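Each chain is listed here by its residues.
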Amino acid sequence: MDVISLGPGFAAEIRGLGLADVAARDDAYGAVRAAFETHSVLLFRAQPITDELQIAYSARFGPLEIAKAASRGEGTPFSILTNIEPDGSLVPPGHKEALRARANQLWHTDSCFKDPPSLASVLSARTISPIGGETEFASMRCAWERLPVAMRTRLGSAYAWHNYAHSRSKIAPHLASERERASLPPVRWRMRWQNPANGRDSLYLASHTYAIDGVPDSEAQALIAELIDHTTGPGQTYLHHWEPGDVIMWDNRCILHRGRPWPGDKPRHMVRTTITATDADGLAEMRWVRPAA
Ligand code: OGA
Ligand code: MN
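Report follows, based on the coordinates. From a predicted model like this one, the values you see are computed outputs, not experimental measurements.

Digging into empty space enclosed by the protein
Considering all chains together, one arrives at two cavities of 30 Å³ or more under this definition. Taken as a whole, the largest cavity spans an internal volume of roughly 500 Å³. Lining the largest cavity are 29 residues, and of these Leu 81, Arg 100, Asn 104, Arg 168 and Arg 272 lie nearest its centre. Of all the secondary-structure elements, those providing two or more residues to the lining of the largest cavity are strand S4 (79-82), helix H4 (96-103), helix H7 (164-169), strand S14 (255-259) and strand S15 (269-276). Tallied by class, the residues present in the lining of the largest cavity amount to nine nonpolar, 11 polar and nine charged.

Observations concerning the sheet that holds S15
On the basis of which strands lie adjacent, the open sheet formed by seven strands has the order S1-S2-S3-S13-S5-S15-S4 and mixed pairing. The open sheet terminates on both sides in strands that have one partner only, identified here as strand S1 (2-5) and S4. Strand-to-strand, the axes of this sheet are offset by a mean angle of 25°, without reference to chain direction. As defined by bridge partners, strand S5 (residues 118-127) adjoins S15 across eight bridges and the pair is classed as antiparallel. Bridge assignment links Leu 123 to a residue of S15, and that residue is Arg 272.

Considering the packing of helix H6 (residues 149-156) against helix H9 (residues 217-232)
Closest axis-to-axis distance for the H6/H9 pair is 14 Å, and the angle between their directions is 120°. The pairing of H6 with H9 is recorded here as oblique in orientation. When you trace H6 past H9, the crossing you get is left-handed. In this structure, H6 uses Met 151, Arg 154 and Leu 155 to contact H9, whose residues at the interface are Glu 219, Leu 223 and Leu 227. Grouping the constituent residues of the contact of H6 with H9 by class yields four nonpolar, no polar and two charged.

Here's the deal with the nonpolar core
Among the nonpolar cores identified, the biggest contains 50 residues, and Tyr 57, Phe 61, Leu 155 and Ile 212 are the most heavily contacted of them. Ignoring sequence-local partners within four residues, the contact set of Phe 61 consists of Val 22, Tyr 29, Val 32, Arg 33, Leu 119, Met 249 and Ile 275. In terms of nonpolar packing, the next biggest core, distinct from the first, is built from 15 residues, Ala 11, Leu 123, Phe 137 and Ile 248 among them.

Focus: the packing of aromatic side chains
Summed over the entire model, instances satisfying the criterion amount to eight aromatic pairs. Between Phe 137 and Trp 250, the ring centres sit 5.4 Å apart and the planes meet at 55°, which makes this aromatic pair tilted. Here Phe 137, found in strand S6 (residues 135-139), pairs with Trp 250, found in strand S13 (residues 247-251); they are 113 residues apart in sequence, far enough to count as distant. The class of Phe 137 is buried, set by a relative accessible area of 0%. Trp 250 gets classed as buried once you look at its relative accessible area, which sits at 1%. Relative to Tyr 204, the ring of Trp 193 lies with its centre 5.0 Å away and its plane at 75°, an arrangement referred to as edge-to-face. Highlighted residues: Trp 193 in strand S9 (residues 192-194) and Tyr 204 in the loop between strand S10 (201-203) and strand S11 (209-212), separated in sequence by 11 residues. By the burial criterion, Trp 193 is buried, and Tyr 204 matches it.

Details of the site of ligand 1
Near ligand 1 you find Leu 81, Asn 104, His 108, Asp 110, Leu 123, Glu 134, Thr 135, Trp 250, His 257, Gly 259, Arg 268 and Arg 272, and these make up its full shell. Contacts to ligand 1 include Thr 135, whose side-chain N or O atom sits 2.6 Å from an oxygen atom. Here ligand 1 has 290 Å² of accessible area as a free molecule, and 99% of this is covered by the chains. Of all the cavities here, the one that holds ligand 1 is the largest cavity. For the shell around ligand 1, a count of residues per class yields three nonpolar, five polar and four charged.

Topic: the coordination of the manganese ion (ligand 2)
Distances from the manganese ion (ligand 2) to its protein donors, His 108 (NE2), Asp 110 (OD) and His 257 (NE2), fall at 2.1 to 2.2 Å. Each donor residue of the manganese ion (ligand 2) belongs to the same chain, with the gaps between them written as H-x1-D-x146-H. Of this pair, His 108 sits in the loop between H4 and S5 while His 257 sits in strand S14, and the two are 149 residues apart along the sequence.

Considering the pattern of salt bridges
All chains considered together, the criterion is met by 27 salt bridges. Note that Arg 260 is salt-bridged to Glu 136, the shortest N-O span being 3.9 Å. With a gap of 124 residues between them, Arg 260 in the loop between S14 and S15 and Glu 136 in strand S6 connect regions that are remote in the sequence. Here the salt bridges share partners, and the residues they tie into one network are Arg 72, Glu 85, Lys 96, Glu 97, Arg 100 and Glu 180.

Structural notes on H9
Helix length check: H9 (16 residues) gives 22 Å between terminal C-alpha atoms against 22 Å at 1.5 Å per residue, within 8%. For H9, the full list of buried residues reads Ala 220, Leu 223, Ile 224, Leu 227, Ile 228, Thr 231 and Thr 232. When H9 is viewed along its axis, its buried side chains cluster within an angular range of 155° and face the same direction. Set apart from the buried face of H9 by more than 90 degrees, the exposed residues are Ser 218 and Asp 229.

Parameters at a glance
Residues numbered from 1 in each chain as written. Chains lettered and ligands numbered in written order. Predicted model: local features only at pLDDT ≥ 70, side-chain atom pairs only at ≥ 80, totals over all residues. Heavy atoms only, no water. 1 Å grid on protein atoms, 1.4 Å probe; cavity = no way out; pocket = protein on both sides within 12 Å on 5 of 7 lines; lining within 4 Å. Points joined across faces, edges and corners; volume = space filled by probe spheres on them. Helix = DSSP H or I, 4+ residues; strand = E, 2+ residues; numbered from the N terminus. Nonpolar A, V, L, I, M, F, W, Y, C, P; charged D, E, K, R; others polar. Pairing = 2+ DSSP bridges. Axes fitted to C-alpha atoms, helices over the stretch in contact; angles between N-to-C directions. Parallel < 35°, antiparallel > 145°, perpendicular 65-115°, else oblique. Left-handed = near helix turned anticlockwise from the far one by under 90°. Contact = heavy atoms within 4.5 Å. Core = buried A, V, L, I, M, F, W, Y, C linked by side-chain atoms within 4.5 Å. Buried < 20%, exposed > 50% of the residue type's maximum accessible area, 1.4 Å probe, protein only. Phe/Tyr/Trp six-rings, centres within 6.5 Å; stacked < 30°, edge-to-face > 60°. Near = heavy atom within 4 Å. Polar contact = N/O pair within 3.5 Å; in protein donor to acceptor, adjacent residues only side chain to side chain. Areas by Shrake-Rupley, 256 points an atom, 1.4 Å probe, with all protein chains shown as cover. Sits in = over half its atoms within 2 Å of the grid points. Donors = N, O, S within 2.8 Å, 3.2 Å for Na, K, Ca; no water. Salt bridge = Lys/Arg side-chain N within 4 Å of Asp/Glu carboxyl O. Expected span 1.5 Å × (residues − 1). Arc of directions from axis to C-beta.

Next up, the structure:
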C-alpha cells in the first residue's frame, strides 16, 4: 500500500489497495484503518463501486447508520445526495433536494446532531457534474493544534449543543420538517474529541452547533463562527475534484467538509454510507458529565 499526501497536514490517497481488499482481508483493513487514524481523509481512485461493495467496505469500520427520516434512502444504510428525480429529470431550483444541497455547502461534520454520532463517512461519486460539485475538507485536529493554549484549555472542558434543524434553518426556515425535528432532538458533546489510537485532540463542532454550555448565545455563536473560520482558512483545506470511480472516506471526529456548488442543469449523484462511532473510537469521553459541585 502506498500513501500519497494530498492536503495541508491531512488527507491522503491510498494506492495499491482498494475497497474490495479491505472488505476481504484483515491485513488490508488494518493498514487502511491505520492510515485513516493518521490522515483523516482517504481517497481511493478507480473503484468498481457498487452499493454492495460500499457496504462491505464501510461495515469493516463499525456499525452503519440508517439514513435519517425524510431523506432519500430513509431506512437504508445509504444517504443519497442527488439532484436527479427517480424519473431521470433534474429537480427545479427551490426544490427540497436543491435546498439540502445548499445546506451541505455549509462547513459541517456528519451526524454530530445524532446520538451516537458518526465515526466516518464513505462517499462515492456515481454521477459527476462536469463543472463545480467539488467537496472540500478541513482538519479540526490541525486547527486544534494551531489554537492558543488558553483556548485549548477552555475548549477542552466545554460542551456544545448540536441540532440538525439549526443548520437547515440557515438556508430556509422550514427546511427541516416537523418529522425530522421530532426524530432529531438537540444533542450535547464535548468540544474536544481525543483519538484513542494516537492521543491527538480535535475540535468538534459544525454548522449544526448552536450553543455552548455556560456561554451567552450571541457570544457562543460568534465563537463557533470564529473557530470554523480558524479551521477552514486560506491554505488549510483540501479541495477534491471528483473523477469517475473516486471514493473518499473521512473521519467525522476531526474533519469539516462542505459540498461546492454546481450548475442546476447538470446531474450530480453521490452515495454515502456513514459509520457510527463507538466507545472504542473515543465516544465515551465525549459524553456530558455533571460538573463537580
Ligand atoms: C456528505 C456531504 C458533500 C458533497 O456526503 O455528507 O456533505 O460534496 N457531501 O456532496
Ligand atoms: Mn456531509
